[in-house]
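# Fold and geometry: a report
The residues making up each chain are set out below.
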Amino acid sequence: MSNRILIIAHTPLAQALRDCAMHVYPECAASVMALDVLPHAQPEDTMAQAQALLGSAGLEGLLVLTDIFGATPANVAQKLVVGSPAKLIAGVNLPMLLRSVCYRDEPLDALVARALTGGTQGVMQVAITAPQNQKPRNHDQNHNDHQQ
């Protein structure tokens, strides 16, 4: 059985993340759902939308990803999963989502670990200037250019 993934985030992030994931994994469309939370949306309304989106499938085998811990989407997500077998992760980013979609067939606890790893490994500082684009420098005999 494949786990399902529900993204609950501030509009337009949830649907935008889902669209990106479907660009890479179009065959997973039925497994990944998105709920954009509009500004000034009432938590009760958002909860009703989430429950309607999930339908009768329930919360078993569900990973919920949300954007900011403590914000309305995350608060609704917490209420949605409390007391259920579903798992919730805050701080969703695209590497986390892609990893989750890729490994959605693993047991839910393993999927959570994969998602967290993907999310953290996907965040890194990238060099602004690639070495091949650096200005040439004067070489002298005492400089060890081969050691980097």
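Look above for the structure.
Residues numbered from 1 in each chain as written. Predicted model: local features only at pLDDT ≥ 70, side-chain atom pairs only at ≥ 80, totals over all residues. Heavy atoms only, no water.

### Quick notes on helix α3 (residues 72-81)
Here α3 has its buried residues at P73, A74, V76, A77, L80 and V81. Along the long axis of α3, the arc covered by the buried residues comes to 160°, so they all point the same way. In this structure, the buried side of α3 is in contact with β1 (4-10), β2 (32-37), α2 (43-54), β3 (62-66) and β4 (87-90). (Buried < 20%, exposed > 50% of the residue type's maximum accessible area, 1.4 Å probe, protein only. Helix = DSSP H or I, 4+ residues; strand = E, 2+ residues; numbered from the N terminus. Arc of directions from axis to C-beta. Contact = heavy atoms within 4.5 Å.)

### Looking at the sheet that holds β3
Taken in spatial order, the four strands line up as β2-β1-β3-β4 in an open sheet, and their pairing is parallel. Two strands bound the open sheet, and with one partner strand each, they are β2 and β4. Across the sheet, the axes of successive neighbouring strands diverge by a mean angle of 20°, strand direction being ignored. Contacts between α2 and the sheet are confined to β1, β2 and β3, with β2 contributing the most and set at about 165° to the helix. Contacts from α3 reach β1, β2, β3 and β4 within the one sheet, and its direction differs from that of β1 by about 145°. (Pairing = 2+ DSSP bridges. Axes fitted to C-alpha atoms, helices over the stretch in contact; angles between N-to-C directions.)

### Notes on the pairing of β1
Burial within β1 is extensive, with six of its seven residues counted as buried. Strand direction decides the pairing type here: β1 and β3, joined by five bridges, are parallel. The partner of I8 across the bridge, within β3, is T66. Sheet topology note: the β1/β2 ladder contains six bridges and is parallel.

### A closer look at the nonpolar core
In this structure, I5, I7, L63, L65, I89, L97 and V101 are the most contacted members of the largest nonpolar core, which totals 21 residues. Of all the elements in the fold, those that place two or more residues in this core are β1, α1 (13-24), β2, β3, α4 (94-102) and α5 (108-121). In this structure, I7 is in contact with A14, L17, R18, V32, M33, A34, L35, L65 and L97, ignoring residues within four places of it in sequence. Judged by nonpolar contacts, the second largest core, of 16 residues, contains A50, L54, L62 and L80. (Core = buried A, V, L, I, M, F, W, Y, C linked by side-chain atoms within 4.5 Å.)

### Section: α1
Spanning 12 residues, α1 covers 17 Å between terminal C-alpha atoms, matching the ideal 16 Å at 1.5 Å per step. All of the buried residues along α1 are A14, L17, R18, A21 and M22. Each buried residue of α1 lies within a common arc of 135° when the element is viewed along its axis, so the set occupies one face. (Expected span 1.5 Å × (residues − 1).)

### Topic: the packing of α1 against α4
Two numbers describe a pair of packed helices, the interaxial angle and the distance between the axes. Interhelical geometry of α1 versus α4 gives an angle of 50° and a closest axis separation of 10 Å. Judged by the inter-axis angle, α1 sits oblique to α4. Our pair here, α1 against α4, has a crossing hand that is right-handed. Where α1 approaches α4, its residues L17, R18, C20, A21 and V24 are matched on the opposing element by L94, L97, L98 and V101. (Parallel < 35°, antiparallel > 145°, perpendicular 65-115°, else oblique. Left-handed = near helix turned anticlockwise from the far one by under 90°.)

### Looking at the packing of aromatic side chains
Enumeration according to the criterion identifies zero aromatic pairs in this entry. Seen from the ring of Y103, R114 lies directly overhead, with NZ or CZ sitting 3.9 Å from the centre. (Phe/Tyr/Trp six-rings, centres within 6.5 Å; stacked < 30°, edge-to-face > 60°. Lys NZ or Arg CZ within 6 Å of the ring centre and 35° of its normal.)

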